[in-house]
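A look at the structure
Residues per chain, in single letters:
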Amino acid sequence: MQENTPREAIWKKNKATLWYYPTSQKKYKTPLFLIYSLVNKPFILDLLPGESVIQSFVKNGFDVYLLDFGIPRDEDSDITVDHYIVDYIQRGVTRALHHSSAEKISIVGYCLGGTLASVYTAISNEPIENLILMVAPIDFQYFPSYDQWVAALRAELINVDDLIDYYGVIPAEFVKFGVRLLTSPVYLSHYLSLLNRADDPNYVLRWRLFNKWTKEHIPFAGGAMKQLINDFVKENKLIKGELMIREKKVNLSNIKANLLVVSSNLDHLAPKEQSIPIIDLVSSQDKTYKLLQGGHTHLIVKDNKLPDYLEEWLPQRSDPL
């Protein structure tokens with residue numbers, strides 16, 4: 001997929017790349033560090049000129065860094081959440097701070113990337129000014145669509161470890177199937193939208209790119225999958241303050257950064273009930289919750305403008321030049 005916004009790779013580790021998108025008219029000292037999910041390719045963040053999240057940040061005066069985890073292969077089966085947090089995210093943030101010479105940085109996490117961003121921020125030593133969580137699952141107690149599966153998992157009636165060990169790296173088709181179970185009515189409805197606007201070439205192009213993104217799920221490292229299922233879903237350790245990352249206890253009360261939590265009222269993948277609880281658990285004095293109208297994906301912008309929920313919030317907290 002051809003990216004639209006000029007960028008350069010400033011750091012690589014294994015399959016991961018840290019991309020730098022420089023702004024030509026810098027207005028803010030605090031750069032943005034974007035963490036995307038582990039189940040899709042991040043090109044949705046730079047979809048089309050004029051309708052790109054990353055481009056909107058750059059055009060509005062922000063330097064942007066994007067951590068692209070890449071595509072796991074068979075040799076990556078032992079990668080765990082600990083690896084992603086410490087060896088990828090923390091090292092990536094350190095590299096971005098050094099590269100930018102910034103004193104502080106803003107972390108923006110999307111979906112599962114937001115979950116990882118929360119874990120990282122809770123144990124980090126880096127100067128994180130703002131933490132923005134976009135439709136990010138934090139409290140895994142609430143699972144309306146998978147309730148019977150989760151109940152069986154917690155009752156130890158099913159055990160997924162052996163299946164994950166058999167594959168090592170979970171195939172992309174399995175990941176896509178799991179997402180489809182949650183979103184099938186929504187997924188089918190967007191074909192109806194295409195029929196209704198088939199005479200609009202710009203809409204058709206956008207639809208095709210978006211549809212390509214929804215189909216291009218990526219494999220999932222088995223070590224991380226086991227940890228997510230057992231520690232996050234089954235035991236809900238993150239919300240209970242029992243999660244350990246490299247012998248560090250992950251306590252969400254350690255988060256002091258300005259916090260913005262964004263949910264959607266029709267989100268089947270990460271319903272608002274999974275995101276809201278973090279508001280009461282952090283120590284941030286400045287914290288905001290926004291409920292948007294729509295489904296899981298709110299990543300398309302118009303005319304390079306910041307989304308409404310960021311238009312005032314982010315510039316005011318990013319140390320203007």
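The rules behind each value
- Residues numbered from 1 in each chain as written.
- Predicted model: local features only at pLDDT ≥ 70, side-chain atom pairs only at ≥ 80, totals over all residues.
- Heavy atoms only, no water.
- Helix = DSSP H or I, 4+ residues; strand = E, 2+ residues; numbered from the N terminus.
- Buried < 20%, exposed > 50% of the residue type's maximum accessible area, 1.4 Å probe, protein only.
- Contact = heavy atoms within 4.5 Å.
- Areas by Shrake-Rupley, 256 points an atom, 1.4 Å probe, with all protein chains shown as cover.
- Pairing = 2+ DSSP bridges.
- Axes fitted to C-alpha atoms, helices over the stretch in contact; angles between N-to-C directions.
- pLDDT = per-residue confidence, 0-100.
- Phe/Tyr/Trp six-rings, centres within 6.5 Å; stacked < 30°, edge-to-face > 60°.
- Salt bridge = Lys/Arg side-chain N within 4 Å of Asp/Glu carboxyl O.
- Patch = residues over 30% accessible without salt bridge, like charges linked within 9 Å, V, L, I, M, F, W, Y side chains within 5 Å.
- Parallel < 35°, antiparallel > 145°, perpendicular 65-115°, else oblique.
- Nonpolar A, V, L, I, M, F, W, Y, C, P; charged D, E, K, R; others polar.

Bringing the overall build of the protein chain into the picture now. Of the regular secondary structure elements, the protein chain holds 12 helices and 12 strands. Residue burial in the protein chain is summarised as follows: out of 321 residues, 58% are buried. For the protein chain, the share of sequence-separated contacts (at least 6 apart) that also reach a separation of at least 24 residues comes to 80%. Per element, the accessible surface of the protein chain, about 14,800 Å² overall, is 51% carbon and sulfur.

On to the sheet that holds strand E4 (residues 64–68). Hydrogen bonds along the backbone pair up the strands of a sheet, which may run parallel or antiparallel. Strands sit in the order E1-E2-E4-E3-E5-E6-E11-E12 across an open sheet of eight strands; the sheet is mixed. Strands at the two margins of the open sheet, each flanked by one partner only, are strand E1 (8–13) and strand E12 (287–292). In this sheet, neighbouring strand axes are inclined to one another by 15° on average, regardless of whether the strands run parallel or antiparallel. Sheet topology places E1 next to strand E2 (residues 16–21); five bridges connect them, and they run antiparallel. What sits directly across from Lys 13, in E2, is Ala 16. Where helix H2 (residues 81–100) meets the sheet, it contacts E1, E2, strand E3 (32–35), E4 and strand E5 (105–110), and its direction lies at approximately 145° from that of E1. Against the sheet, helix H3 (residues 112–123) makes contact with E3, E5 and strand E6 (128–134), and its axis sits at roughly 140° relative to E5, the strand it touches most.

The next subject is the pairing of strand E11 (residues 258–264). Remember that side chains alternate between the two faces of the sheet whenever the strand is regular. A large share of E11 lies buried, amounting to seven of its seven residues. Residues of E11 alternate between two faces, with Asn 258, Leu 260, Val 262 and Ser 264 on one and Leu 259, Val 261 and Ser 263 on the opposite face, all of them buried. Where E6 meets E11, five bridges bridge the pair, whose relative direction is parallel. Of the residues in E11, the one forming a bridge with Leu 131 is Leu 259. As defined by bridge partners, E11 adjoins E12 across six bridges and the pair is classed as parallel. Across the sheet, the residue bridging to Leu 259 is Lys 287, located in E12.

Once that is clear, we can look at the confidence of the model for the protein chain. Residues of the protein chain with pLDDT of at least 70 account for 80%, and the chain-wide mean is 84. Long-range and interchain partners of residues 203–210, a stretch whose pLDDT sits below 50, account for 23 contacts in this model, where long-range means more than four residues apart.

For the structure on display, the rule yields nine aromatic pairs. Seen from their ring centres, Phe 69 and Tyr 84 are 5.1 Å apart, and the 75° between their planes marks the pair as edge-to-face. Note that Phe 69 is positioned in the loop between E4 and H2 and Tyr 84 in helix H2, a separation of 15 residues in sequence. Given the relative accessible area of 5%, Tyr 84 is considered buried. A centroid spacing of 5.9 Å and a plane angle of 80° characterise the contact between Phe 140 and Phe 232, whose relative ring orientation is edge-to-face. With Phe 140 in the loop between E6 and helix H4 (147–154) and Phe 232 in helix H8 (residues 222–234), the pair connects residues that are 92 residues apart, well separated along the chain.

Let us now look at the pattern of salt bridges. Considering all chains together, one arrives at nine salt bridges under this definition. A salt bridge links Lys 15 to Asp 76, with the shortest nitrogen-to-oxygen separation between them at 2.9 Å. Here Asp 76 lies in the loop between E4 and H2 and Lys 15 lies in the loop between E1 and E2, a separation of 61 residues in the sequence. Looking at Asp 76, the relative accessible area reads 4%, which means it is buried. Here Arg 246 makes a salt bridge to Asp 87, at a shortest N to O gap of 2.7 Å. Of this pair, Arg 246 sits in the loop between strand E9 (244–245) and strand E10 (248–249) while Asp 87 sits in helix H2; the two residues are 159 residues apart in sequence, bridging distant segments of the chain. One network of salt bridges, with partners in common, ties together Lys 15, Glu 75 and Asp 76.

This part takes up unusual backbone geometry. Unusually for a residue other than glycine, Cys 111 sits at a positive phi of about 55°. Structurally, Cys 111 is set in the loop between E5 and H3. The phi dihedral of Asn 236 is positive, around 50°, even though this residue is not glycine. Classification of Asn 236 as buried rests on a relative accessible area of 3%.

This part is about a nonpolar patch on the surface. A cluster of nonpolar side chains, Leu 163, Tyr 166 and Tyr 167, forms an exposed patch at the surface whose accessible area comes to about 360 Å². For Tyr 166, a relative accessible area of 67% puts it in the exposed group.

This part covers the packing of H2 against H3. The angle between the axes and the distance between the axes are what describe a pair of packed helices. At a closest axis distance of 10 Å, the pairing of H2 and H3 adopts a crossing angle of 70°. Classified by the interaxial angle, the pair formed by H2 and H3 is roughly perpendicular. Along the contact surface, H2 presents Val 81, Tyr 84, Ile 85, Ile 89, Gln 90 and Val 93, while H3 presents Leu 116, Val 119, Tyr 120 and Ile 123. Classifying every residue of the contact of H2 with H3 gives nine nonpolar, one polar and no charged.

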